[in-house]
Amino acid sequence: MSARRGRALRCHGAELRVPAGEGGVGMCLLLGAAGVGKTLLVKRLQKLSAHDGKGDLGDPPPTRPTVGTNLTNIVVQKKITIRELGGCMSPIWPSYYGNCHALLLLGLLSAEQLAEASVLILFNKIDLPCYVSVEELKSLMRLPDIIACAKQNITTAEISARKGTGLAGVLRWLQGTHRASC
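Residues numbered from 1 in each chain as written. Predicted model: local features only at pLDDT ≥ 70, side-chain atom pairs only at ≥ 80, totals over all residues. Heavy atoms only, no water.

## A closer look at the overall build of the chain
Right, on to step 1. Scanning the chain from N- to C-terminus turns up 4 helices and 9 strands.
Right, on to step 2. Listing each helix as α and each strand as β along the chain from the N terminus yields β-β-β-β-α-β-β-β-β-α-α-β-α.
Right, on to step 3. Residue pairs at least 24 apart in sequence account for 70% of intrachain contacts in the chain once pairs closer than 6 positions are excluded.
Right, on to step 4. For the chain, the exposed surface amounts to about 9600 Å²; the carbon and sulfur share of it is 52%. (Helix = DSSP H or I, 4+ residues; strand = E, 2+ residues; numbered from the N terminus. Contact = heavy atoms within 4.5 Å. Areas by Shrake-Rupley, 256 points an atom, 1.4 Å probe, with all protein chains shown as cover.)

In structure tokens:
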């Protein structure tokens, strides 16, 4: 995983800003297009957190596309609630930004209320034989430009929710982000 701090996050002409000082239990939004593996990721993180980040994850559980929202609690020293929003809900994602302290993102978006939320961009499905390299994706997304302009920390990670690769690092990121926001 790599992290950098910048000045302000601008995407599609919008600058991100969030009111400071919201406390309480960490709410982590999980956003991304339909079919990118959000539900599987949450199920695997929940299982991994139940075993203190260790052990065999076993076979991937069956999943269905999320219609609406799913709330999942994981415990990494403290309780963190992950709110997964279905990809088809993207037009109303902004209504969920207010209580967000962390963001797991499969894709890019911008919103004023997320300016101070730490961001983890997940490059999922690295287990597929024909996946695009992270460096190619970063280049296509112009991620270095976005990071250079970002006010908040932006971290990237390669994962396979199916095989469990990289999920312990996601739990560590959630733990560290939650600790920093409380």
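## Remarks on the pattern of salt bridges
A pair can form between side chains of opposite charge whenever their charged atoms are brought close.
Right, on to step 1. Across all of its chains, the model carries 1 salt bridge by this definition.
Right, on to step 2. Between D145 and R142 there is a salt bridge, with the nearest N and O atoms lying 2.7 Å from each other. (Salt bridge = Lys/Arg side-chain N within 4 Å of Asp/Glu carboxyl O.)

## Overview of the pairing of strand β9 (residues 154–158)
Right, on to step 1. Counting buried residues along β9, 4 of its 5 residues qualify, which places the element largely inside the surrounding structure.
Right, on to step 2. Taken together, the 5 bridges between strand β8 (residues 118–123) and β9 define a ladder with parallel strand orientation. Paired with F123 across the strands is E158, a residue of β9. (Buried < 20%, exposed > 50% of the residue type's maximum accessible area, 1.4 Å probe, protein only. Pairing = 2+ DSSP bridges.)

## Regarding empty space enclosed by the protein
Right, on to step 1. Inspection of the entire model under this criterion finds 2 cavities of 30 Å³ or more.
Right, on to step 2. Taken as a whole, the second largest cavity encloses approximately 40 Å³ of empty space.
Right, on to step 3. For the second largest cavity, the full set of lining residues is G26, M27, C28, I80, H101, A102, L174, T177 and H178.
Right, on to step 4. Within the residue set of the lining of the second largest cavity, elements represented by two or more residues are β4 (26–32) and α4 (167–181).
Right, on to step 5. Residue classes in the lining of the second largest cavity are distributed as 5 nonpolar, 4 polar and no charged. (1 Å grid on protein atoms, 1.4 Å probe; cavity = no way out; pocket = protein on both sides within 12 Å on 5 of 7 lines; lining within 4 Å. Points joined across faces, edges and corners; volume = space filled by probe spheres on them. Nonpolar A, V, L, I, M, F, W, Y, C, P; charged D, E, K, R; others polar.)

## Re the environment of S95
Right, on to step 1. You can see S95 is positioned in the loop between β6 (78–85) and β7 (102–106).
Right, on to step 2. Separated by 2.7 Å, the side chain of S95 and the backbone oxygen of I92 make a polar contact. (Polar contact = N/O pair within 3.5 Å; in protein donor to acceptor, adjacent residues only side chain to side chain.)

## Remarks on the environment of E158
Right, on to step 1. Along the polypeptide, E158 turns up in strand β9.
Right, on to step 2. The sequence separation of E158 and I126 amounts to 32 residues, and the corresponding C-alpha distance is 6.8 Å.
Right, on to step 3. Not counting residues up to four positions away in its chain, the partners in contact with E158 are F123, I126, Y131, V134, T165 and G166.

## Brief notes about the layout of surface pockets
Right, on to step 1. Of the pockets and cavities examined, the largest pocket occupies roughly 400 Å³.
Right, on to step 2. Lining the largest pocket are 24 residues, and of these G35, V36, G37, K38 and T63 lie nearest its centre.
Right, on to step 3. By residue number, the principal contributor to the lining of the largest pocket is helix α1 (residues 38–50), which donates 3 residues.
Right, on to step 4. Residues that form the lining of the largest pocket fall into these classes: 10 nonpolar, 8 polar and 6 charged.

## Digging into the nonpolar core
Right, on to step 1. Of all hydrophobic cores here, the largest spans 24 residues; its most connected members are L41, L45, I82, L104, L122, V170 and L174.
Right, on to step 2. Of all the secondary-structure elements, those providing two or more residues to this core are β4, α1, β5 (69–76), β6, β7, β8 and α4.
Right, on to step 3. L85, L103, I147 and A150 belong to the second largest nonpolar core, which has 20 residues in total. (Core = buried A, V, L, I, M, F, W, Y, C linked by side-chain atoms within 4.5 Å.)

## As for unusual backbone geometry
Right, on to step 1. Although it is not a glycine, K125 adopts a positive phi angle of roughly 70°.
Right, on to step 2. Here K125 shows up in the loop between β8 and α2 (134–141).
Right, on to step 3. What makes K125 partly exposed here is its relative accessible area of 33%.

## Looking at the confidence of the model for the chain
If pLDDT is low for a region, its predicted coordinates should not be looked at in detail.
Right, on to step 1. The predicted model of the chain has a mean per-residue pLDDT of 77, with 80% of residues at 70 or higher.
Right, on to step 2. By mean pLDDT, the top-scoring element of the chain is β6 (90), and the lowest-scoring one is strand β2 (residues 10–11) (30).
Right, on to step 3. This model gives residues 1–24 a pLDDT under 50, and the stretch forms 71 contacts once residues within four places in sequence are excluded. (pLDDT = per-residue confidence, 0-100.)

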